[in-house]
Amino acid sequence: MSKLRLGDWANIAEIIGTLAFVVSLIFVGLQISQNTAATRTSASQAVHSNLADWYRSVQGNPELLSLSTKGMADYGALSPTEKSQFIALFMASNLNTQDAFYKWRDGSLDPEVWRSWEMVSMNLYSTPGGKAFWDERRYLFAQSYQDFVQNDLMTRAPHPDSLPWGAAILEE
């Protein structure tokens, strides 16, 4: 067996270095993939938590539930105080939805999770009060979200099973 020369050792070191580099790239790729999955999971949890908190705040308060039902049916019939309460309630919902929209667009929110938010939004926007609220308050939202709501959500027919708050109360 012959002795390895310095150039041979250099070639072996270069091969080992190349293999180590490839292994490190694979490792980085796996880390990025795991980080992306963790980010999506975190975004989904935050989005669901926001929606659940909003629903609980309305459903747990009979006066607020009555006010929201009245406002969805006839926004113009609300007193000034009721209108302020309705606006605050639906601003919270719409700000959460806008946040979910941007998370969906940047890929941090799973498209299926976003679809559930779309359905909730369509349920609310399809009501006479939801439409009136949006017409009056849409300027408060980011332009791309306004465009999405105006040119997409509000142009679709609501899901055939759509019943805001689970009740058939809002026929125009």
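In case you missed it, the structure is sitting above this.
Keep in mind it's a predicted model, so treat the numbers as computed, not measured.

Caption draft 1: View of empty space enclosed by the protein. Enumeration according to the criterion identifies one cavity of 30 Å³ or more in this entry. Elements with a contribution of two residues or more to the lining of the largest cavity: helix H3 (80-105), helix H4 (111-125) and helix H5 (128-137). Grouping the constituent residues of the lining of the largest cavity by class yields six nonpolar, five polar and no charged.

Caption draft 2: Structural detail: H4. Along its 15 residues, H4 runs 20 Å from first to last C-alpha, staying within 8% of the 21 Å computed at 1.5 Å per residue. Among all positions of H4, only Val113, Trp114, Trp117, Glu118, Val120, Ser121, Met122, Asn123, Leu124 and Tyr125 are buried. The backbone nitrogen of glutamate 112 lies 2.8 Å from a side-chain oxygen of the residue at the head of H4, namely aspartate 110.

Caption draft 3: Focus on the packing of aromatic side chains. Under the definition given, this model contains 16 aromatic pairs. For the ring pair phenylalanine 141 and tyrosine 145, a centre distance of 5.8 Å and an interplane angle of 55° mean the geometry is tilted. Residue classification places tyrosine 145 among the buried positions, given a relative accessible area of 0%. Among the aromatic side chains, those forming a connected cluster through ring pairs are Phe101, Tyr102, Trp104, Trp114, Tyr125, Trp134, Phe141, Tyr145 and Phe148.

Caption draft 4: A look at H5. Along H5, the residues that are buried comprise Gly129, Gly130, Phe133 and Trp134. Along the axis of H5, the buried residues cluster in a sector spanning 135°; they form a single face. Structurally, H5 contributes buried residues whose contacts are with helix H2 (62-73), H3, H4 and helix H6 (143-151).

Caption draft 5: How the structure looks around the nonpolar core. Grouped together as the largest cluster of nonpolar side chains are 30 residues, with contacts concentrated most on Trp54, Phe86, Phe90, Trp114, Phe133, Tyr145 and Val149. The residues contacting tryptophan 114, other than those within four sequence positions of it, are Thr97, Ala100, Phe101, Trp104, Leu109 and Phe148.

Caption draft 6: Structural detail: the packing of H3 against H5. Two numbers describe how H3 lies on H5: the axes approach to 11 Å, and their chain directions differ by 80°. By the angle between their directions, the pair H3 and H5 is classed as roughly perpendicular. Across the interface between the two elements, Lys83, Phe86, Ile87, Phe90, Met91 and Asn94 from H3 touch Gly129, Phe133, Trp134, Glu136 and Arg137 from H5. When grouped by side-chain class, the residues that make up the contact of H3 with H5 number six nonpolar, two polar and three charged.

Basis of the calculations
Residues numbered from 1 in each chain as written. Predicted model: local features only at pLDDT ≥ 70, side-chain atom pairs only at ≥ 80, totals over all residues. Heavy atoms only, no water. 1 Å grid on protein atoms, 1.4 Å probe; cavity = no way out; pocket = protein on both sides within 12 Å on 5 of 7 lines; lining within 4 Å. Points joined across faces, edges and corners; volume = space filled by probe spheres on them. Helix = DSSP H or I, 4+ residues; strand = E, 2+ residues; numbered from the N terminus. Nonpolar A, V, L, I, M, F, W, Y, C, P; charged D, E, K, R; others polar. Expected span 1.5 Å × (residues − 1). Buried < 20%, exposed > 50% of the residue type's maximum accessible area, 1.4 Å probe, protein only. Polar contact = N/O pair within 3.5 Å; in protein donor to acceptor, adjacent residues only side chain to side chain. Phe/Tyr/Trp six-rings, centres within 6.5 Å; stacked < 30°, edge-to-face > 60°. Arc of directions from axis to C-beta. Contact = heavy atoms within 4.5 Å. Core = buried A, V, L, I, M, F, W, Y, C linked by side-chain atoms within 4.5 Å. Axes fitted to C-alpha atoms, helices over the stretch in contact; angles between N-to-C directions. Parallel < 35°, antiparallel > 145°, perpendicular 65-115°, else oblique.

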